[in-house]
Amino acid sequence: MIFATDNNGAIMKLYAAIANQSQVMLDSAKAGNWDELCAAEEQCSRLIHELQAIKEAQQTELNEKERSQHIGYLKKILADDAAIRDITEPRLKQLEEFLRAANNSQKLSNSYGSN
């Protein structure tokens, strides 16, 4: 295994940035700001791709402090993700029902014509 402390610093900064973005996503979901949630999700995705690229380019081994921080970031990201799902899943079901009703209405209108 290659030890690369320079990459470790970049990796830890990216984990911190991802954790911060997950907080932005959670705050946006709580506020019902779906546009901001989508934008934060896109930024988070870019950060994750950047992290993956660095990790693929060179194997790194985290020291004890970094491992502890890494675990903390992962726990926060996972907790935020679960909280976001708790907020968004009921909203998505409402949207599905609305779209289904609109689709049924359109089918009826097409079948029987609208006067």
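Residues numbered from 1 in each chain as written. Predicted model: local features only at pLDDT ≥ 70, side-chain atom pairs only at ≥ 80, totals over all residues. Heavy atoms only, no water.

Using the following cut-off: UniProt positions are given in the numbering used here, feature names are shortened, and annotations may be inferred rather than shown by experiment.
Naming follows an unreviewed UniProt entry, where the protein chain appears as Flagellar protein FliT of Limnobacter profundi. Regarding the protein chain, the UniProt comment filed under Subcellular location (unreviewed entry) reads as follows: "Cytoplasm, Cytosol".

### Here's the deal with the overall build of the protein chain
The following threshold applies: Under the DSSP-based scheme used, a helix requires at least four consecutive residues in state H or I and a strand at least two consecutive residues in state E, with every element numbered from the N terminus. Our radius of gyration is a C-alpha quantity, and the globule rule it is checked against amounts to 2.2 Å times the number of residues to the power 0.38. Exposed residues in this analysis have more than 50% of their type's maximum accessible area, buried residues have under 20%, and partly exposed residues fall in between, with area computed by a 1.4 Å probe over protein chains only. Only the protein chains shown count as covering a residue, and every accessible area follows the Shrake-Rupley method with a 1.4 Å probe. A positive count includes Lys and Arg, and a negative count includes Asp and Glu. His and the chain ends are not counted in either. Charged groups are reduced to one reference atom each: NZ for lysine, CZ for arginine, CG for aspartic acid, CD for glutamic acid.
Tallying secondary structure elements over the protein chain gives 3 helices and 0 strands in all. In terms of overall dimensions, the protein chain is more spread out than a globule: its C-alpha atoms have a radius of gyration of 21 Å, far above the 13 Å expected for 115 residues. With the C-alpha coordinates of the protein chain rotated into their principal frame, the extents come out at 75 × 25 × 20 Å. In the protein chain, which comprises 115 residues, the share counted as buried stands at 26%. Within the structure as shown, the protein chain displays about 8,200 Å² of accessible surface, and the carbon and sulfur contribution to it stands at 53%. Counting 13 positive and 17 negative side-chain charges, the protein chain places the centres of these two groups 4 Å from one another.

### Overview of the side chain of Thr 88
Test applied: Any two residues whose heavy atoms approach within 4.5 Å are treated as being in contact.
Positionally, Thr 88 belongs in helix α3 (residues 64–112). In this structure Thr 88 touches Trp 34 and Leu 37, once residues within four positions along its chain are discounted.

### Some thoughts on the pattern of salt bridges
Rules: By definition, a salt bridge exists where a carboxyl oxygen of Asp or Glu is found within 4 Å of a side-chain nitrogen of Lys or Arg.
One pass over the full model with this rule turns up 3 salt bridges. Linking Lys 76 and Asp 80 is a salt bridge whose minimum nitrogen-to-oxygen distance equals 2.4 Å. One end of the pair is Lys 76 and the other is Asp 80, both in helix α3 and 4 residues apart, which spans about a single turn. Asp 81 is the salt-bridge partner of Arg 85, the closest N and O atoms lying 2.2 Å from each other. Within this pair, Arg 85 and its partner Asp 81 are both found in helix α3, separated by 4 residues, close to a single helical turn.

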